[in-house]
Amino acid sequence: MDRDTPETIGALPVARTVAALRRRIDAWRRAGESVVLVPTMGALHAGHLALVAHGRALASRCVASIFVNPSQFAPQEDFSRYPRDEAGDAAKLAGARCDLLYAPDAAQMYPGGFSTTVTVGAVAEGLCGRFRPGHFAGVATVVAKLLLQSGADIACFGEKDYQQLQVIRRVARDLDIPVRIEGVPTVREPDGLALSSRNLYLSPPEREAAPALQRVLAATALDIGRGAEIAQALAAGRAALARAGFARLDYLEACDAETLAPLARADRPGRLLAAAWLGRTRLIDNLPLPPRAA
Ligand code: PAF
């Protein structure tokens, strides 16, 4: 079959090429419809489906993309073992009333001769940017491509990857990409663990320890909200994470919610962000910081 020919998996139409994606979207546009894009790397869980539900409430057509983007993984990271289940994901998207799956392959996204990278300044440099060099350039490049390929009116991203969300907002603003970027609240397990495709890697004892990340963030946010000195509250939070079994902590930081610079002013919205390891699995999470006394 010609790769530009419409294809379906179960009930869900699939586009494998930019041409096929644009053909569908152009037809919707001619009918006066609006389009929301939900970019993903597959291994879909309830957090992704919440993005689709959020998107569906904002636009008449919803496109989800699945592309495990090699350029955002460092050589020692989990690109090859990243969970992949296209048929299962397509069934979930169809059930969530998504209208189209865009599932390009690497040759479609990075054809021979590809040599452009979107690098983002300060907002991408601290936090995860310090521990995963090149990661946000990979994210920014692929997301800029997905936004331009689809021409979506709105694109939805989870607040779970809060730094990624702020990086993408910066990219859309700086490159004048005419899209509204929507942040969608984190979906959690009943015990507080943020949903993530990487939770599948946790052993049973690691899974039991994992919700402590959210608990420590909540306790630290409460301390800061009650007026504790930020540096002291963070030190207490770091110690609590170590006691809870996170043998390696990349960071626990209080940041300006937009720029992600260290939080200096009480009158600015803040965000508390952490990345910590259980065995070979790196977990990230974040919470808003309540207003503080000036
Ligand atoms: O959050 C993700 O799943 C990915 O980083 C994204 C935004 C789809 C880009 O590859």
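Now for a quick tour of the structure.

### Overview of the sheet that holds strand β4 (residues 61-66)
Reading across from one edge, β1-β2-β5-β4-β3-β6-β7 is the order of the 7 strands in this open sheet, with mixed pairing throughout. Of all the strands in the sheet, the pair left with one neighbour each is β1 (7-9) and β7 (180-184). Mean inter-strand twist for the sheet, computed between neighbouring axes without regard to direction, equals 30°. Note that strand β3 (residues 35-40) and β4 share 6 bridges and pair parallel. Its bridge partner lying in β4, V35 is registered against R61. In this fold helix α1 (residues 18-30) packs onto β2 (12-15), β3, β4 and β5 (100-102), with an angle of close to 150° to the strand it touches most, β5.

### So, the site of the ligand
Around the ligand lies a shell formed by P39, T40, M41, N69, Q72, V142, V143, F157 and Q164. Separating an oxygen atom of the ligand from a side-chain N or O atom of Q72 is a distance of 2.6 Å. Taking Q164, its side chain carries an N or O atom lying 2.7 Å from an oxygen atom of the ligand. For the ligand, the protein covers 89% of the area, taking 290 Å² as the surface of the free molecule.

### Structural notes on the environment of C128
Its location among the elements puts C128 in helix α5 (residues 128-131). Taking the relative accessible area as the measure of exposure, C128 reaches 6% and is therefore buried. As for C128 and D250, which are separated by 122 residues in sequence, their C-alpha atoms are 8.0 Å apart. Apart from the residues lying within four places of it in its own chain, the contact partners of C128 are F136, Q163, Y251, R282 and I284.

### Digging into the side chain of S196
Here S196 is to be found in the loop between β7 and α8 (204-209). Of the residues examined, S196 reaches a relative accessible area of 17% and is grouped as buried. Within the structure, S196 has its side chain in polar contact with the backbone nitrogen of R198 (distance 3.0 Å). Ignoring any residue separated from it by four or fewer positions in sequence, one finds S196 in contact with H45 and K160.

### Some details on the pattern of salt bridges
For the coordinates displayed, the defined rule picks out 18 salt bridges. Between E86 and R16 there is a salt bridge, and its shortest N-O distance comes to 2.8 Å. Note that E86 is positioned in helix α3 (residues 86-95) and R16 in the loop between β2 and α1, a separation of 70 residues in sequence. Given a relative accessible area of 31%, E86 falls into the partly exposed group. In this structure R16 comes out as buried when scored by relative accessible area, which is 17%.

### Looking at α3
Regarding α3, the residues found buried are D89, A90 and L93. Down the axis, α3 shows its buried residues gathered within 100° of arc, on one side only. Away from its buried face, by an angle of more than 90 degrees, α3 presents the exposed residues A87, A91 and G95.

### A short note on the packing of helix α9 (residues 212-225) against helix α10 (residues 230-243)
Following both chains from N to C, one finds α9 and α10 inclined at 160°, their axes separated by 9 Å at the closest point. Comparing their axes, α10 and α9 come out roughly antiparallel. Classified by chirality, the crossing of α10 by α9 is right-handed. Of α10, the residues touching α9 (which contributes A212, L213, V216, T220, D223 and I224) are I230, A233, L234, G237, A240 and L241. The class makeup of the residues in the contact of α9 with α10 is 9 nonpolar, 2 polar and 1 charged.

### Side note on α1
Taking 1.5 Å as the rise per residue, α1 with 13 residues should run 18 Å; its terminal C-alpha atoms sit 18 Å apart, in good agreement. The complete set of buried residues in α1 reads V18, A20, L21, I25 and W28. Residues of α1 that are buried make contact with β2, β3, β4, β5, α4 (106-109) and α6 (135-150). Phi turns positive, to about 80°, at G32, one or two residues after α1.

### Overview of unusual backbone geometry
Of note in this structure, A43 is not a glycine but carries a positive phi near 50°. In this structure, A43 sits in the loop between β3 and α2 (46-56). Although it is not a glycine, L260 sits at a positive phi angle of roughly 65°. In this structure, L260 sits in the loop between β8 (248-256) and β9 (270-278). Among the residues examined, L260 registers a relative accessible area of 9% and is labelled buried.

### Considering the environment of A74
Looking at the secondary structure, you find A74 in the loop between β4 and α3. Residue classification places A74 among the buried positions, given a relative accessible area of 17%. Sequence-wise, A74 and R132 are 58 residues apart; in three dimensions their C-alpha atoms are separated by 7.2 Å.

The rules behind each value
The residue count restarts for each chain, going from 1 along the sequence in the order it is written. Totals for whole chains, interfaces and linings use every residue, but because this is a predicted model, local features are given only for residues with pLDDT of at least 70 and side-chain atom pairs only at 80 or more, for both listing and counting. Working from all heavy atoms in the structure, the side-chain values ignore hydrogens and water. For two strands to count as paired, DSSP must find a minimum of two bridges between them. Secondary structure elements follow DSSP: runs of H or I no shorter than four residues count as helices, runs of E no shorter than two count as strands, and numbering proceeds from the N terminus. Here an angle of 0 to 180 degrees is reported between the N-to-C directions of two axes, which are lines fitted to C-alpha atoms, with helices fitted over the stretch in contact. In what follows, a contact means two residues having at least one pair of non-hydrogen atoms within 4.5 Å. The rule for a residue being near a molecule or strand is that one of its heavy atoms must lie within 4 Å of it. Polar contact criterion, stated in full: a pair of N or O atoms within 3.5 Å, where within protein one must be able to donate a hydrogen and the other to accept it, and residues adjacent in sequence count only if both atoms are side-chain atoms. Working definition of accessibility: Shrake-Rupley area with a 1.4 Å probe, residue cover restricted to the visible protein chains. A simple rule labels every residue: compare its accessible area, found with a 1.4 Å probe on the protein chains alone, to the largest value its type can have, and call it buried under 20%, exposed over 50%, or partly exposed in between. A pair is scored as a salt bridge if a Lys or Arg side-chain nitrogen falls within 4 Å of a carboxyl oxygen belonging to Asp or Glu. The arc in question is formed by the directions pointing from the helix axis toward the C-beta atoms. Convention used here: angles under 35 degrees read as roughly parallel, angles over 145 as roughly antiparallel, angles from 65 to 115 as roughly perpendicular, and any remaining angle as oblique. Two helices that cross are described as forming a left-handed crossing if the nearer one is turned anticlockwise from the farther one by less than a right angle, and a right-handed crossing if clockwise. Each residue receives one of three labels: charged for Asp, Glu, Lys and Arg, nonpolar for Ala, Val, Leu, Ile, Met, Phe, Trp, Tyr, Cys and Pro, and polar for the others, Gly being one of them. Between the first and last residue of a helix there are one fewer steps than residues, each counted as 1.5 Å, and that sum is the expected span.

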